[in-house]
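Understanding the architecture of this molecule
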Amino acid sequence: MLLKILKSFAIVIVLIAATTAAGIVLPRPMWRDDPTPGDVRRRILVLSNPIHTDIAVPADADILARFGFLRDGALDLDDPNLRYIIFGWGGRSFYTETPTWPDLKAMPVFKSFSLDNSVMHVSLAGDIPLDHPSVMAVDVGEEGYRRLLGFVLGSFTEQVGKPMPLAGFSYGENDAFFEAEGYFNAFLGCNTWTAAALRQAGLVSGWWTALPWLLRASLWLHNDQAVFADEAASGNLP
């Protein structure tokens, strides 16, 4: 009996390892168009913690105009110290109820492994150090940047013609939650959303990137290293 249990356990470990490796190695999409020579490059940031990734875009005049509805979430887009707007997608229960690890509860964890409604989390930030281990700076083409912004905007659920904030939910003064499109599951969650956004920007990710390190490793494997010039210099590449 013990031998059968150990054998079954070993099979599960091998399957998990194989799935993880395939998630990194298999590219998605299988091919992509090369950037147009001389194309203007736009810099975005991929921010990571042990389980979650966000995308930060520079808060220039175009972004402030396009995402002006964020003011409905009591976000101060006129702050002179504002440099980046950070976007993340995730499960409503886990995301809104877990601002820090000590706030972790059983029910949000359970919902994250079943099926939960989703939310967009938006944060305002000042200067972000590009040499920090949690930061991956990525240079994308102008057209890819436009598609990425469209993907992010399309992730917000509109009601009465505009995205709707979740009243009473935030971690502090500089962030807000909004209703979002789609349903959340931990296996197809926040990091697969980030990967999908980056693919819109013209990058190639792994086929399945449920964890930040899977996403970062797959980006490094499948894309021209020139887009990660700052990371190569600072040692932030996987």
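Below or above, wherever it landed, is the structure these notes cover.

**Observations concerning the overall build of the protein**
Along the backbone of the protein there are 8 helices and 10 strands. Per-residue burial for the protein yields a buried fraction of 43% across its 238 residues. Contacts in the protein between residues far apart in sequence, at least 24 positions, make up 74% of those at least 6 positions apart. Here the protein displays about 12,600 Å² of accessible surface, and carbon together with sulfur accounts for 63% of that area.

**What to know about helix 6 (residues 190-200)**
Counting buried residues in helix 6 gives 9 out of 11 residues, a clear majority hidden from the surface. C190, N191, T192, W193, T194, A195, A196, A197 and L198 are the residues of helix 6 that are buried. Directly after helix 6, the chain includes G202, whose backbone phi takes a positive value near 100°.

**Remarks on the sheet that holds strand 4 (residues 84-91)**
On the basis of which strands lie adjacent, the open sheet formed by 6 strands has the order 6-2-3-4-5-9 and antiparallel pairing. The open sheet has two edge strands, strand 6 (135-141) and strand 9 (175-184), and neither has a second partner. Averaged over all pairs of adjacent strands, the angle between strand axes in this sheet comes to 25°, irrespective of strand direction. Relative to strand 4, strand 3 (residues 53-58) is paired through 4 bridges, and the arrangement is antiparallel. Note on strand 4: the bridge partner recorded for I55 is F87. The strands that helix 6 touches are strand 2 (41-48), strand 3, strand 4, strand 5 (116-125) and strand 9; relative to strand 3, the one it contacts most, it runs at about 40°.

**Concerning the nonpolar core**
In this structure, L70, F87 and F156 are the most contacted members of the largest nonpolar core, which totals 40 residues. In this structure F87 touches D54, I55, V57, F67, L70, M120, H121, V122, V152, F156 and W193, once residues within four positions along its chain are discounted. One finds A56, Y84, A125 and V135 within the second-largest nonpolar core, a separate group that totals 9 residues.

**Quick word on the layout of surface pockets**
Empty space among the atoms becomes visible once a probe the size of a water molecule is rolled across them. In this model, the largest pocket occupies a volume close to 830 Å³. Every residue lining the largest pocket is counted, 30 residues in all, and those nearest its centre are N49, I51, H52, F94 and C190. Among the elements of the structure, strand 2, strand 4, helix 3 (92-97), helix 4 (106-112), strand 5 and helix 6 are those that each provide at least two residues to the lining of the largest pocket. Of the residues in the lining of the largest pocket, the class split is 18 nonpolar, 11 polar and 1 charged.

**Thoughts on the pattern of salt bridges**
In total, this model carries 9 salt bridges according to the counting rule given. For the salt bridge of R146 with E143, the shortest nitrogen-to-oxygen distance reads 2.3 Å. Of this pair, R146 and E143 both sit in helix 5 (residues 142-154), 3 residues apart, roughly one helical turn. A single salt-bridge network, built from bridges that share partners, covers R42, D60 and E142.

**Brief notes about the side chain of S93**
Along the polypeptide, S93 turns up in helix 3. With sequence-adjacent residues up to four places away left out, S93 is seen in contact with P108, K111 and D116.

**A few points about the packing of aromatic side chains**
Across all of its chains, the model carries 10 aromatic pairs by this definition. For the pair F151 and W193, a centre-to-centre distance of 5.7 Å together with 40° between the ring planes defines the contact as tilted. Highlighted residues: F151 in helix 5 and W193 in helix 6, separated in sequence by 42 residues. Residue F151 is classed as partly exposed on the basis of its relative accessible area, which comes to 23%. Accessibility expressed as a relative area gives 7% for W193, which makes it buried. Counting every residue linked through ring pairs, the aromatic cluster contains F67, F69, F87, F156 and F178.

Procedures and definitions
Residue positions are counted from 1 within each chain, in the order its sequence is given. In keeping with the predicted nature of the model, local features appear solely for residues at pLDDT of at least 70, side-chain atom pairs appear and are counted solely at 80 or more, and the whole-chain, interface and lining totals rest on all residues. Only heavy atoms go into the side-chain values, all of them from the structure, while hydrogens and water stay out. Segments assigned H or I by DSSP are reported as helices when at least four residues long, segments assigned E as strands when at least two residues long, and all are numbered from the N terminus. Three labels apply to residues, based on accessible area from a 1.4 Å probe with only protein chains included: buried if under 20% of the type maximum, exposed if over 50%, partly exposed otherwise in between. In what follows, residue pairs with any heavy atoms lying within 4.5 Å of each other are defined as contacts. Only the protein chains shown count as covering a residue, and every accessible area follows the Shrake-Rupley method with a 1.4 Å probe. For two strands to pair, DSSP has to find at least two bridges joining them. In this description, a line fitted to the C-alpha atoms serves as the axis of each element, helices being fitted only across the stretch in contact, and the angle between N-to-C directions of two axes falls anywhere from 0 to 180 degrees. In this description, a nonpolar core means a group of buried Ala, Val, Leu, Ile, Met, Phe, Trp, Tyr and Cys residues linked to one another through side-chain atoms lying within 4.5 Å. Within this scheme a cavity is a closed region of a 1 Å grid, computed over the protein atoms alone, that accommodates a 1.4 Å probe without allowing it to escape, whereas a pocket is open but has protein on both sides within 12 Å along at least five of seven lines; lining residues each have an atom within 4 Å of a point. Grid points are joined across faces, edges and corners, and a volume is the space filled by probe spheres set on the points. Under the scheme applied here, ten amino acids are nonpolar (Ala, Val, Leu, Ile, Met, Phe, Trp, Tyr, Cys and Pro), four are charged (Asp, Glu, Lys and Arg), and all others, including Gly, are polar. Here, a salt bridge means any side-chain nitrogen of Lys or Arg that lies within 4 Å of a carboxyl oxygen of Asp or Glu. Aromatic contacts are taken between Phe, Tyr and Trp rings whose centres are within 6.5 Å, Trp giving its six-membered ring; a plane angle under 30 degrees counts as stacked, one over 60 as edge-to-face, and the others as tilted.

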